[in-house]
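Descriptive structure summary
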Amino acid sequence: MAATLRWNRLVISSSNEQEFIAAVFEYFPQLMQLPYDEVEMDITGSTDITEDAFRSIALKLIGGESAEKKMLIRIPESVERYFKHANLFRVVDIDIVRAVPRNGGKADPGKIKANITAGKFAGKKAKGPAAPDKTERAPQAPVQELSPQPAPAAPRKATGKVPYTGPGWLVDVESGQRFQVQDRITVGREAPAEVVFQVPTISKRHFIIRRAENGFIVEDMRSTNGTYLNGLPVHEPMPLRDGDELVVAITLKHPKGARIFQFSTKPA
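If you're wondering where the values come from, they're calculated on a predicted model, not measured in any experiment. (Residues numbered from 1 in each chain as written. Predicted model: local features only at pLDDT ≥ 70, side-chain atom pairs only at ≥ 80, totals over all residues. Heavy atoms only, no water.)

What to know about the confidence of the model for the protein
- For the protein, per-residue confidence averages 76 on the pLDDT scale, and residues scoring 70 or more make up 68% of the total.
- For the protein, the element scoring lowest by mean pLDDT is helix H4 (residues 109-117), at 44; strand E10 (residues 207-211) scores highest, at 95.
- In this model residues 109-128 is a low-confidence stretch, pLDDT under 50, and it forms eight contacts with partners more than four residues away in sequence or in other chains.
- A low-confidence stretch, residues 143-147 stays under pLDDT 50, and its non-local contacts, those more than four residues away or across chains, total zero contacts. (pLDDT = per-residue confidence, 0-100. Helix = DSSP H or I, 4+ residues; strand = E, 2+ residues; numbered from the N terminus. Contact = heavy atoms within 4.5 Å.)

See the structure below:
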């Protein structure tokens, strides 16, 4: 059994009914405790889910544990009928992941992508010479010579994006505290980080925000529990825009150990 809970998303991959039920009952309550209004559960990696095992999800949803949250469940096509029988389409949002056919006369998406990359068309080549075009065309009007026009003005050179030279602010959503960023700022569990949160799930040097050519970027400092920008893990330096959300240090063991920040270019 493999179950992971990261940020606001629970992913369950199981190979039998017992593993699936155990994962739902162990991790679903932790998913509901996360400080987010929208959460997601992905069970597309689980195989051989019987209707009895599926009831473990239905009981959690119908029981009202997710009533205060907007929830999306990604399901394989094989369990679609279970959700319909239980009328769960009215309770949560359902995303059905259907298998893409690779035969039966339909195009192979992988082959199409490869052909497009190579500059080829993914269809069959026509055999023999092309048939002559027998479409009747109206006679064209005689070409009229136009008087010489003045040469167009030289196009203006693109100036590119104007770099942002003002300061940025990192806002702790929970406390409302604002930390000004002039050139760089480091968030971590202890000094030399400028912004310190003594939380076990935050690394000594967790992430850094620094000025770049056109503004600011965020970079994860190889932290243990990761940094997320608008829900996506930060694996390389990423540009920051006004209003972006940064989430750090949420784990299965400490689901409430996360810190949520917002990046802003506007003064308070």
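Having seen the structure, we can now continue with the description.
Remarks on the sheet that holds strand E1 (residues 2-6)
- Pairing within the open sheet is mixed, and its five strands lie in the order E1-E2-E3-E4-E5. Each end of this open sheet is capped by a strand with a single partner; those strands are E1 and strand E5 (93-97). Between one strand and the next, the sheet's axes are offset by a mean angle of 15 degrees, whatever the strand orientation.
- Contacts from helix H1 (residues 17-33) reach E1, strand E2 (9-13), strand E3 (38-42) and strand E4 (70-76), with the element oriented near 175 degrees to E2. (Pairing = 2+ DSSP bridges. Axes fitted to C-alpha atoms, helices over the stretch in contact; angles between N-to-C directions.)

Points about the pattern of salt bridges
- Tallied over the entire structure, the rule returns nine salt bridges.
- Between Arg 9 and Glu 40 there is a salt bridge, and its shortest N-O distance comes to 2.6 Å. Residue Arg 9 is found in strand E2, and its partner Glu 40 is found in strand E3; the two are separated by 31 residues along the sequence.
- Note on Glu 40: relative accessible area 14%, which makes it buried.
- It is possible to trace a salt-bridge network through shared partners that takes in Arg 9, Glu 40, Asp 42, Arg 74 and Asp 95. (Salt bridge = Lys/Arg side-chain N within 4 Å of Asp/Glu carboxyl O. Buried < 20%, exposed > 50% of the residue type's maximum accessible area, 1.4 Å probe, protein only.)

Some points on unusual backbone geometry
- Residue Ala 191 is joined to Pro 192 through a cis peptide bond whose omega torsion reads 20 degrees.
- Along the chain, Pro 192 turns up in the loop between strand E8 (184-188) and strand E9 (195-196).
- Although it is not a glycine, Arg 222 sits at a positive phi angle of roughly 55 degrees.
- With respect to the secondary-structure elements, Arg 222 resides in the loop between strand E11 (216-220) and strand E12 (227-229).
- Note on Arg 222: relative accessible area 82%, which makes it exposed.

Some thoughts on the sheet that holds strand E13 (residues 232-233)
- The strand order across the open sheet built from six strands is E7-E6-E16-E15-E12-E13, with neighbouring strands paired in antiparallel fashion. In the strand order of this sheet, the two ends are held by strand E7 (178-181) and E13, each with one partner.
- Where strand E6 (residues 168-172) meets E7, four bridges bridge the pair, whose relative direction is antiparallel. In the sheet register, Trp 169 faces E7, and the bridge partner there is Gln 180.

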